[in-house]
Amino acid sequence: MIKSKPFMRTVTAGLALSASALAISVGTASAAEWKYALEEAIDEVQGVYATQFKEYIEANSDHTVSIFPFGTLGESADLTELAQMGAIQIVDASPGFMGALIPEAEVFLIPYVLPEDQEVLADFYDTSPTINEDLAALYEEQQLHMIEMFPEGEVVMTTKEPVTSREDLNEVKFRVMTSPLLVQTYDAFGATPTPLPWGEVYSSLQLNMIQGQENPMFFVESTGMWEVTDYITFTGHSTFTTSVAGNLNWWNGLSDEDKQLVNDAAAAAYDYIIEYQQGLTESSLDKILEQKPEMTVTRLTDEQRQPFREAAQSVRQTFIERAGESGADILEGFEADIEASRERVNGAM
Ligand code: 6CS
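Residues numbered from 1 in each chain as written. Predicted model: local features only at pLDDT ≥ 70, side-chain atom pairs only at ≥ 80, totals over all residues. Heavy atoms only, no water.

Visitor: An account of the overall build of the protein chain is needed here, citing residue identities and associated values.
Guide: A tally of regular secondary structure across the protein chain gives twelve helices and nine strands. Here the protein chain holds 349 residues, and the buried ones make up 50% of them. Long-range pairs, those at least 24 residues apart, make up 76% of the contacts in the protein chain between residues at least 6 apart in sequence. Accessible area of the protein chain: about 15,900 Å², with a carbon and sulfur share of 51%. Here the protein chain contributes 19 positive and 57 negative side-chain charges, whose respective centroids are spaced 7 Å apart. (Helix = DSSP H or I, 4+ residues; strand = E, 2+ residues; numbered from the N terminus. Buried < 20%, exposed > 50% of the residue type's maximum accessible area, 1.4 Å probe, protein only. Contact = heavy atoms within 4.5 Å. Areas by Shrake-Rupley, 256 points an atom, 1.4 Å probe, with all protein chains shown as cover. Lys, Arg positive; Asp, Glu negative; His and termini not counted. Charge placed at Lys NZ, Arg CZ, Asp CG, Glu CD.)

Visitor: Outline the environment of Gln291, supporting the account with residue identities and numerical values.
Guide: Considering the arrangement of structural elements, one finds Gln291 in helix H11 (residues 280-291). In the structure, Gln291 is positioned 64 residues away from Glu227 in sequence and 9.2 Å away in space, judged by C-alpha atoms.

Visitor: Give me the packing of aromatic side chains: which residues, what numbers.
Guide: The full count for this structure, using the stated rule, is 14 aromatic pairs. Each ring, one from Phe174 and one from Tyr186, has its centre 4.1 Å from the other, and the planes form 15°; the classification is stacked. Of this pair, Phe174 sits in strand E5 (residues 173-176) while Tyr186 sits in helix H6 (residues 180-188), and the two are twelve residues apart along the sequence. Residue class for Phe174 comes out buried when judged on its relative accessible area of 0%. Owing to a relative accessible area of 0%, Tyr186 belongs among the buried residues under this scheme. With a centroid separation of 4.7 Å and 50° between ring planes, the pair formed by Trp198 and Phe219 is classed as tilted. Of this pair, Trp198 sits in the loop between strand E6 (192-195) and helix H7 (201-206) while Phe219 sits in helix H8 (residues 217-222), and the two are 21 residues apart along the sequence. Three or more aromatic residues joined by ring pairs make a cluster, and in this case those are Phe108, Phe124, Tyr125 and Phe334. (Phe/Tyr/Trp six-rings, centres within 6.5 Å; stacked < 30°, edge-to-face > 60°.)

Visitor: Any details on the packing of H6 against helix H12 (residues 302-347)? Residues and values, ideally.
Guide: The contact between H6 and H12 brings their axes to 9 Å, and the two run at 155°. If you check the angle between H6 and H12, you find them roughly antiparallel. In terms of crossing hand, the pair formed by H6 and H12 is right-handed. Here H6 contributes Pro180, Leu181, Gln184, Thr185 and Ala188 to the contact with H12, which in turn contributes Ala311, Ser314, Val315, Thr318, Phe319 and Arg322. Looking at the contact of H6 with H12 residue by residue, the classes come out as six nonpolar, four polar and one charged. (Axes fitted to C-alpha atoms, helices over the stretch in contact; angles between N-to-C directions. Parallel < 35°, antiparallel > 145°, perpendicular 65-115°, else oblique. Left-handed = near helix turned anticlockwise from the far one by under 90°. Nonpolar A, V, L, I, M, F, W, Y, C, P; charged D, E, K, R; others polar.)

Visitor: How would you summarise the layout of surface pockets if you had to cite specific residues and measurements?
Guide: Of the pockets and cavities examined, the largest pocket occupies roughly 440 Å³. In terms of lining, the largest pocket is formed by 27 residues, of which the most central are Gln118, Gly153, Glu154, Gln277 and Thr281. Put simply, the parts of the chain that give the lining of the largest pocket at least two residues each are helix H4 (118-127), strand E4 (144-159), H8, strand E8 (231-247) and H11. The biggest single contributor to the lining of the largest pocket is E8, with five residues. Each residue belonging to the lining of the largest pocket can be placed in one class, and the counts come to eleven nonpolar, ten polar and six charged. (1 Å grid on protein atoms, 1.4 Å probe; cavity = no way out; pocket = protein on both sides within 12 Å on 5 of 7 lines; lining within 4 Å. Points joined across faces, edges and corners; volume = space filled by probe spheres on them.)

Visitor: Explain the packing of helix H5 (residues 129-140) against H12 to me, and be specific about the residues and the numbers.
Guide: A packed helix pair is summarised by two numbers, namely the angle formed by the two axes and the spacing between the axes. Between H5 and H12, the shortest axis-to-axis distance is 9 Å and the interhelical angle comes to 160°. Between H5 and H12, the interaxial angle falls into the category roughly antiparallel. Pair H5 / H12 crosses with left-handed handedness. When H5 is examined against H12, the residues Pro129, Thr130, Ile131, Asp134, Leu135 and Leu138 are found in contact with a partner set consisting of Ser326, Ile330, Gly333, Phe334 and Asp337. Here the residues of the contact of H5 with H12 sort into six nonpolar, three polar and two charged.

Visitor: Hey, could you go over the site of the ligand for me, with residue numbers and the actual values?
Guide: In the vicinity of the ligand, the contacting residues are Glu39, Glu40, Phe97, Arg175, Met177, Trp198, Asn215, Pro216, Phe219 and Phe240. At a separation of 2.7 Å, a nitrogen atom of the ligand approaches a polar side-chain atom of Glu40. Between the ligand and Asn215 there is a distance of 2.9 Å, counted from a nitrogen atom to a side-chain nitrogen or oxygen. With the chains in place, 99% of the 300 Å² that the ligand exposes on its own is no longer accessible. Placement of the ligand is best described as lying within the largest cavity. Residue contributions to the shell around the ligand reach at least three from each of two domains, namely domain 1 (32-153 + 240-281) and domain 2 (156-237 + 292-348). (Near = heavy atom within 4 Å. Polar contact = N/O pair within 3.5 Å; in protein donor to acceptor, adjacent residues only side chain to side chain. Sits in = over half its atoms within 2 Å of the grid points. Domains from an automatic or database assignment.)

Structure (structure tokens):
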């Protein structure tokens, strides 16, 4: 308490100084609400990751994270645009919807490039300089700061007729995310690729406007894709990937402490989501089979996969044509990083 007038000026000046210092520190550390939009529901993989991220942030700071699950703000492309504009701070943006914005991000979609071994995969996303530095720099050109990328499980095809060869896809209108490279992929696989935003897929299958789609098993189960298709085929060609990205100005405006907080929350959520997904493909398939025992599940043999692998070569070429020299560098770095992860994981065995 200030009791003595003579000291008033110094004390007041001191108070003013500390008040402004406080204002600065309060300005940077004051409680903020960060809006985080998903391409999935709250109980699907992106929602589980986001919930972990939110819990970490809220337990370790005064900030709050408000999660907007799929269906509340729009389709994936709308969400990314909202994050670029700064209307929301954080977004799940999957490479399958980012081709027009960042062609290099489609590297995740080239068939048979990502490893199938889950441990190698988890190490790769976490440590790859190509993802976390080179691709991150391309995100910055689009006003986005890459917080994290993570895998969401092996992609399977679900169709109305059996698929064991490229010929079986002839005349099949096959829904893909709105990605030029996925269009090329299913063209090379022998189908008629039909790019659609997620919200239109169920009804299009129901109305037989399309006859197939691809997604990880948890999503096939949770979204009822199994109700409108009769065959599930494991082709081993892809792993669904998403990125968690922040608005660049938002990120640049954070204090060092808050940047660390976000990175720590992302790292904790990453470990959680990798662990959470162990056995998820199998348990999701079990749930489908319980409800629909007549669903036919096929795992392509190496021999059956071979024609799909061959078709993937033209997709590689298309990727390089679309993404240019920078894309070729990303692909080269990507494959080198996968190899490094393979050696790290297998060396540790
Ligand atoms: O196929 C899609 O469009 C959706 N699939 C997943 C696994 N997450 C979000 C995306 O919109």
